[in-house]
Amino acid sequence: MGVLPPPDRRDTAPPPPTPLRRADVRPPAGTPRRPPAAGAVLGAILDHGPVARSTVARLTGLSPAAVSGHCTQFLARGLVRESEETTGPRGLGRPHIPLEIDTGRYLVAGAHIAVAHSTLALMDLRGRIVAEERRPHSGTDPQRVLGGLADRLPRLVAAYAQGRTVLGFGVATGQWVDPDAGVIVDHPRLGWRDVAAREVLAAATGLPVHVDSHSRALARAEQLLGAVATRESAVLLFVGAVVDAAFATADGVHRGPRSAAGSVAHLPVGPGTPSAEPCTCGTPGCLQSEVSEPALVRQAAQRGLAVADFRALLDLALAGEPRAVDLFRRRALLVGRAVALLLDMFDPEVVVVVEPGAGRLPECLGVLRAEVAARSWVCDDPERAVVPSSFIGSVLPVAGAAVALGALYADPLGPWPALPAVC
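Residues numbered from 1 in each chain as written. Predicted model: local features only at pLDDT ≥ 70, side-chain atom pairs only at ≥ 80, totals over all residues. Heavy atoms only, no water.

K.L.:
Looking at this structure, I do not really get the overall build of the protein chain. What am I missing?
P.N.:
Assigned secondary structure in the protein chain consists of 14 helices and 15 strands. Taken across its 423 residues, the protein chain has 50% of its residues classed as buried. A total accessible area of about 19,100 Å² is found for the protein chain, and carbon and sulfur atoms account for 53% of it. (Helix = DSSP H or I, 4+ residues; strand = E, 2+ residues; numbered from the N terminus. Buried < 20%, exposed > 50% of the residue type's maximum accessible area, 1.4 Å probe, protein only. Areas by Shrake-Rupley, 256 points an atom, 1.4 Å probe, with all protein chains shown as cover.)

K.L.:
Looking at this structure, how should I read the packing of helix α9 (residues 310-318) against helix α10 (residues 322-346)?
P.N.:
The relative placement of two packed helices is expressed as an angle between their axes plus a distance between the axes. At their nearest, the axes of α9 and α10 sit 7 Å apart, and the two run at 105 degrees to each other. When the axis of α9 is compared with that of α10, the two are roughly perpendicular. Here F310, L313, L314, L316 and A317 of α9 lie close against α10, whose contacting residues are A324, V325, L327, F328 and R331. Across the contact of α9 with α10, the residue classes tally to nine nonpolar, no polar and one charged. (Axes fitted to C-alpha atoms, helices over the stretch in contact; angles between N-to-C directions. Parallel < 35°, antiparallel > 145°, perpendicular 65-115°, else oblique. Contact = heavy atoms within 4.5 Å. Nonpolar A, V, L, I, M, F, W, Y, C, P; charged D, E, K, R; others polar.)

K.L.:
Just to check I follow, could you spell out the pairing of strand β10 (residues 209-213) for this structure?
P.N.:
Along any regular strand, the residues point their side chains to alternate faces of the sheet. For β10, a buried count of four out of five residues is recorded, marking the element as mostly surrounded by other parts of the structure. As judged from the five bridges shared by strand β6 (residues 165-173) and β10, these two strands associate in the parallel manner. For F169, the partnering residue across the bridge sits in β10 and is V209. (Pairing = 2+ DSSP bridges.)

K.L.:
Any chance you could explain the pairing of strand β9 (residues 192-195) here in plain terms?
P.N.:
Direction of pairing for strand β8 (residues 183-187) relative to β9: antiparallel, over a ladder of three bridges. Directly across from H187, in β9, lies its bridge partner W192. Here β8 folds back onto β9 in antiparallel fashion, the turn holding four residues, of which G191 has a positive phi close to 75 degrees.

K.L.:
Just to check I follow, could you spell out unusual backbone geometry for this structure?
P.N.:
Negative phi characterises most residues that are not glycine, and trans characterises most peptide bonds. The step from G49 to P50 runs through a cis peptide bond, and the omega angle for that step is -5 degrees. Considering the arrangement of structural elements, one finds P50 in the loop between α1 (37-48) and α2 (53-60). In this model, Q175 sits at a positive phi of 75 degrees, which is unusual for a non-glycine residue. Look at Q175 and you get partly exposed, because its relative accessible area is 23%. The phi angle at S259 is positive, at roughly 60 degrees, despite the residue not being glycine. Tracing the chain through its elements places S259 in the loop between β13 (252-253) and α7 (287-291).

K.L.:
Honestly, the pattern of salt bridges in this entry has me stumped. Any pointers?
P.N.:
Note on pairing: side chains with opposite charge can pair once their charged atoms come close. Using the criterion set out here, one finds 16 salt bridges in the structure. The partner of D212 in a salt bridge is R216, and the shortest N-O contact between them spans 2.7 Å. R216 matches D212 in its accessibility class, with the two residues each being buried. Connected through salt bridges with shared partners, the residues E133, R135 and R152 form a single ionic network. (Salt bridge = Lys/Arg side-chain N within 4 Å of Asp/Glu carboxyl O.)

K.L.:
Explain the nonpolar core here, please?
P.N.:
Side chains that are nonpolar tend, in soluble globular proteins, to be buried together. Among the nonpolar cores identified, the biggest contains 52 residues, and I45, F74 and L125 are the most heavily contacted of them. Setting aside residues up to four positions removed in sequence, L125 forms contacts with L46, L79, I101, D102, T103, Y106, V108, L167, L405, L408 and Y409. If you look at the next biggest cluster of nonpolar residues, it comprises 42 residues, including V239, L267, C364 and A385. (Core = buried A, V, L, I, M, F, W, Y, C linked by side-chain atoms within 4.5 Å.)

K.L.:
Looking at this structure, how should I read the sheet that holds strand β12 (residues 243-249)?
P.N.:
Each strand in a sheet pairs with another by means of backbone hydrogen bonds, the pair being arranged parallel or else antiparallel. Pairing in this open sheet of five strands is mixed, and the strands run β13-β12-β11-β14-β15 from one edge to the other. Since the sheet does not close on itself, it has two edges, and those belong to β13 and β15 (386-388), each with one partner.

K.L.:
Would you mind showing me how to read the packing of helix α6 (residues 214-225) against helix α14 (residues 395-410) here?
P.N.:
Two numbers describe how α6 lies on α14: the axes approach to 8 Å, and their chain directions differ by 65 degrees. The orientation of α6 with respect to α14, classified from their angle, is roughly perpendicular. At the point where α6 passes α14, the crossing takes the left-handed sense. Contacts between α6 and α14 pair H214, A217, L218, R220, A221, L224 and L225 from the former with V395, V398, A399, A402, V403, L405, G406, Y409 and A410 from the latter. Class assignment of the residues belonging to the contact of α6 with α14 gives a composition of 13 nonpolar, two polar and one charged. (Left-handed = near helix turned anticlockwise from the far one by under 90°.)

K.L.:
Please explain a nonpolar patch on the surface as it appears in this structure.
P.N.:
Together, L341, M345 and F346 make up a nonpolar patch on the protein surface, roughly 270 Å² of accessible area in all. Turning to its location among the elements, M345 is positioned in helix α10. (Patch = residues over 30% accessible without salt bridge, like charges linked within 9 Å, V, L, I, M, F, W, Y side chains within 5 Å.)

This is the structure:
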């Protein structure tokens, strides 16, 4: 693949019986984790660079010697670079050489697999999207979709990498994903079950491949690149063609013993509209059947709006079409009910709502926060506690690439084949 690194030279249980249930899947065997010190140092450089080693030691609570050792390894791997030497005021004090993330050598690649399309992206090591490409699915056979992503990646790299090497490939999608196994366990909307995405894409690209749910990926992206308020604890609610959530703390994103945490699609939020399509769970008024993108397109047709897809409906709302705006206001009201439940269940510092109405229509964010204020028992400041995504306009490309970038920042001294080995 040219600029892609060469291939790097787990058994799964038999597929569970039909119907698939979360209780049918055994927790994966524990995998060893490296001490988080290296990730903390690299994260501090990401947050504060250019920054002196002594400042990194103060920020992380690590010894100056430990910080210096990690930084030496990062320099050798090309993950950071030295900035101009500085001194104290009027030249007083011992000179120091600040460090910052090096964006000139490496990129990560990512793919977000949605119900109707997939988005391929390249991201630099500061989390900036370098290139993205979205294409509709020509079919939902997993081998065809994954193979198409692998085929498209070299062309995107050749056009936009500018000589930088791709370190890894992240894959994000909705529903139930097992990151340890690299498997998309169950995605009913795509008809996928037990799809070994990591195995397929690693063989096709020669890259380290990391797979996760898009809600967990975006929660990690918020903590790594987005709002500071998310660092201690956050719930991220993703409202798209599918609806799911993630809960993150300073120690990481909660997965659950079967990697099934975040299934909020069937939270009860209302009585349901009389003409709404019944949900697969059989319960009227659940969250996904009321607020998902297909649900809004159906509701638009019932109101006489001829829209081909959700994006067309959103364009109408952004243009001020009253019926379209009203649909997004209703959606915001129902999402607000779900957010109030999540706030009361988890009591996080902040809930991040990934939903285009909340992100791009200020009146919808106001409706959502008002519903939270009316329904939550614990939230006394919805304007602080409920925020839109930090990645409005680039949610899907960020989701896929953030899986790989998050893996790099979690273990920057790990076995990344394209990087020089460390002692």
